[in-house]
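Survey of secondary and tertiary structure
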Amino acid sequence: MDAMVNTDHYTIADIYHLPEGKRAELIDGQIYDMAPPGRTHQKISSRIHQAVANYIDSKNGACEVYAAPFAVFLNQDESNYVEPDICVICDTDKLDEKGCHGAPDWVIEIISPASRTMDCYTKLFKYKEAGVREYWIVDPPKEIVLVYRFEKKTMETYSFQEVITAGIYDDFSMS
């Protein structure tokens, strides 16, 4: 993702005025173009989304899971708008027809070549600052998952072959 070359401070209104079909995120007033996801990215996203949704359904859970494109107005301000690959929101009062207003409980981003710096640095700090409880960075080329549990102040690295337990649930894990 590359920032548009401009020193202006953009707002969510600018995101809504982008040309039809153009996707971008807004972080601290800067617009970052989003490249379309590749096939591997979509396969991983679908698999994780399905596993989390099935788990929530099996528990009759109150949390809701969404896959991109889904709007997250991260800080409930006009300068931050993201579309996480997958997000879980347990406080459904944060949800309306436009998306999620405030921090999701759990965010999962799947790295693509164009998004590595954004996902591993910019969004990592933004999600932590906003109050996201858990953040997974799935790295297909390296076949690892970085799991940040911000409430516990921990970071763990898992290979694709290992079982990962979600911190926001006592009994959900996946490999």
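Presented here is an overview of the structure given in this document.

Moving on to the pairing of strand β10 (residues 144–149). Judged by how many residues are buried, β10 sits mostly within the fold: five of six residues are covered. In terms of strand pairing, strand β9 (residues 134–139) meets β10 through six bridges, oriented antiparallel. Paired with E134 across the two strands is R149, which belongs to β10. Hairpin remark: β9 followed by β10, antiparallel, with four residues in the connecting loop; positive phi at E143, about 55°. Here β10 pairs with strand β11 (residues 154–159) via six bridges, running antiparallel. The partner of L146 across the bridge, within β11, is T157.

The tendency in soluble globular proteins is for nonpolar side chains to be buried as a group. Formed by 24 residues in total, the largest nonpolar core has its most connected members in V88, W106, W136 and Y169. Counting residues per element, the ones that place at least two in this core are α2 (39–58), β5 (86–89), β8 (106–110), β9 and β10. Setting aside chain neighbours within four positions, we find Y169 in contact with Y55, I56, C63, V88, C90 and W106. Y32, L74, C100 and V132 belong to the second largest nonpolar core, which has 23 residues in total.

A word on helix α3 (residues 116–130). For α3, built from 15 residues, the straight-helix expectation of 21 Å at 1.5 Å per residue is met to within 8% by its first-to-last C-alpha distance of 20 Å. Within α3, the axis deviates most sharply at K123, by approximately 40°. Taken together, the buried positions of α3 are M118, D119, C120, K123, L124, K126 and Y127. Buried-residue contacts for α3 involve β1 (24–27), β2 (30–33), β8, β9 and β10. One or two steps after α3, the chain reaches G131, where phi turns positive at roughly 105°.

Definitions and cut-offs
Residues numbered from 1 in each chain as written. Predicted model: local features only at pLDDT ≥ 70, side-chain atom pairs only at ≥ 80, totals over all residues. Heavy atoms only, no water. Buried < 20%, exposed > 50% of the residue type's maximum accessible area, 1.4 Å probe, protein only. Helix = DSSP H or I, 4+ residues; strand = E, 2+ residues; numbered from the N terminus. Pairing = 2+ DSSP bridges. Core = buried A, V, L, I, M, F, W, Y, C linked by side-chain atoms within 4.5 Å. Contact = heavy atoms within 4.5 Å. Expected span 1.5 Å × (residues − 1). Bend = angle between axes of the 7 residues up to and from the residue.

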